[in-house]
Amino acid sequence: MRRGRNETEEERADRMWQELIQEVRVAQMGVQILFGFLLTVVFTPKYATLDGTDRTIYIVTVVLGAAATGALIGPVSLHRLVSGRRVKPQAVTWASRLTFVGLVLLLATTTASLLLILRVATHDGAVPWLVAGVVLWYLLCWFALPLWTRRRYTTQ
């Protein structure tokens, strides 16, 4: 029984590029909404009442959001700048790496955002535990399950 696809390297790169761009669109939407929200916080009256720790968390969160945005938009710029240069397989590899970095940065941004919001909203000692639980959930959904699936169902 034959497995896989009968496609050239270029056809495979085209298919993988299309799949990657669909994945990036989902992640970009999330990071752009979150980043846009974060940018407005500093202009609200509540920002002036934040203590030093919360302001530091906010600044770190904004920087992480900016970095995630850059990494997740990177594949689009990469494609645009190398399009027509016959390097699509390499572009797919680098775009995939940028996307992975963007997802890790999005995880960090979301974690820091959740930490800040729950600290300000509740002032509860359980906040770190709640954030840790959500981070574990993200790690399970975004990394552990995909890696387990890859290991379980592929031979490569």
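Anything mentioned here points back to the structure above.
A few points on the structure. (Residues numbered from 1 in each chain as written. Predicted model: local features only at pLDDT ≥ 70, side-chain atom pairs only at ≥ 80, totals over all residues. Heavy atoms only, no water.)

Some words on the packing of helix 2 (residues 52–82) against helix 3 (residues 88–122)
Going by this rule: Between N-to-C directions, angles span 0 to 180 degrees; the directions come from axes that are lines fitted to C-alpha atoms, helices contributing only their stretch in contact. Numbered from the N terminus, helices here are DSSP runs of H or I no shorter than four residues, and strands are runs of E no shorter than two. Each angle gets one of four labels, with under 35 degrees taken as roughly parallel, over 145 as roughly antiparallel, 65 to 115 as roughly perpendicular, and the rest as oblique. Each helix crossing is assigned a hand: it is left-handed if the near helix lies turned anticlockwise from the far helix by less than a right angle, otherwise right-handed if that turn is clockwise. When residues are sorted by character, Ala, Val, Leu, Ile, Met, Phe, Trp, Tyr, Cys and Pro go into the nonpolar class, Asp, Glu, Lys and Arg into the charged class, and all the rest, Gly among them, into the polar class.
Between helix 2 and helix 3, the shortest axis-to-axis distance is 8 Å and the interhelical angle comes to 160°. What the angle tells us is that helix 2 and helix 3 run roughly antiparallel. Both helix 2 and helix 3 take part in a crossing whose hand is left-handed. Classifying every residue of the contact of helix 2 with helix 3 by side-chain character gives 23 nonpolar, nine polar and three charged.

Regarding the side chain of Thr-69
Defined as follows: When a residue's accessible area, from a 1.4 Å probe over protein chains only, is under 20% of the maximum for its type it is buried; when over 50% it is exposed; and in between it is partly exposed. Here, two residues are considered to be in contact whenever any of their heavy atoms come within 4.5 Å of each other.
Here Thr-69 shows up in helix 2. With a relative accessible area of 13%, Thr-69 lands in the buried category. Residues in contact with Thr-69, not counting those within four places in the same chain, are Val-31 and Phe-35.

Notes on unusual backbone geometry
For Arg-86, which is not glycine, the phi torsion reads 60° and is therefore positive. Positionally, Arg-86 belongs in the loop between helix 2 and helix 3. Backbone geometry at His-123 places phi at a positive 50°, although glycine is not the residue there.

Side note on the pattern of salt bridges
Where charged atoms of side chains with opposite charge meet at close range, the side chains can pair. The criterion, for reference: The term salt bridge refers to a side-chain nitrogen of Lys or Arg lying within 4 Å of a carboxyl oxygen of Asp or Glu.
Here the structure, examined in full by the defined rule, presents four salt bridges. The partner of Lys-88 in a salt bridge is Asp-14, and the shortest N-O contact between them spans 2.9 Å. With Lys-88 in helix 3 and Asp-14 in helix 1 (residues 9–41), the pair connects residues that are 74 residues apart, well separated along the chain. Looking at Lys-88, the relative accessible area reads 27%, which means it is partly exposed. Where Asp-54 meets Arg-119, a salt bridge forms, and the shortest distance between an N and an O atom there is 2.5 Å.

Quick look at helix 4 (residues 127–153)
Here is the rule we go by: How far a helix is expected to stretch is found by multiplying one less than its residue total by 1.5 Å. Consider a residue and the seven residues that end there alongside the seven that start there; fitting an axis to each set, the bend is the angle between those axes.
The end-to-end C-alpha separation of helix 4 is 37 Å, in line with the 39 Å expected for 27 residues at 1.5 Å each. Taken as a whole, helix 4 carries its principal kink of about 40° at Leu-140. Within the sequence span of helix 4, burial applies to Val-127, Val-131, Val-135 and Phe-143. Its buried side turned inward, helix 4 meets helix 3.

Observations regarding a nonpolar patch on the surface
The condition that has to hold: A residue counts toward a patch only above 30% relative accessible area and without a salt bridge, and it is joined to like-charged neighbours within 9 Å or, for Val, Leu, Ile, Met, Phe, Trp and Tyr, to nonpolar neighbours within 5 Å. To measure how exposed things are, a 1.4 Å probe is used in the Shrake-Rupley method; for residues, cover is taken only from the protein chains shown.
On the surface, Leu-145, Trp-148 and Tyr-153 cluster together to form a nonpolar patch covering roughly 360 Å² of accessible area. By the secondary structure assignment, Leu-145 is in helix 4. Judged by its relative accessible area of 47%, Leu-145 is partly exposed.

Quick word on the environment of Gly-30
Tracing the backbone through its elements, the reader meets Gly-30 in helix 1. Relative accessible area serves as the criterion here: at 36%, Gly-30 is assigned to the partly exposed category. Considered as a pair, Gly-30 and Leu-106 are 76 residues apart in the sequence and their alpha carbons are 8.5 Å apart.

A word on helix 2
As a reminder, the rule being used: Any N or O atom pair separated by 3.5 Å or less is treated as a polar contact, with the protein-specific requirement of one donor-capable and one acceptor-capable atom, and with residues adjacent in sequence counted only for side-chain atom pairs.
Over its 31 residues, helix 2 extends 44 Å from the first C-alpha to the last, a length consistent with the 45 Å expected when each residue adds 1.5 Å. The largest bend in helix 2 comes to about 35°, at Gly-74, with the proline Pro-75 one to four residues further on. Taking the backbone nitrogen of Thr-53 as reference, a side-chain oxygen 3.1 Å away marks Asp-51 as the first, capping residue of helix 2. Just downstream of helix 2 lies Gly-84, where phi reads positive at about 85°.

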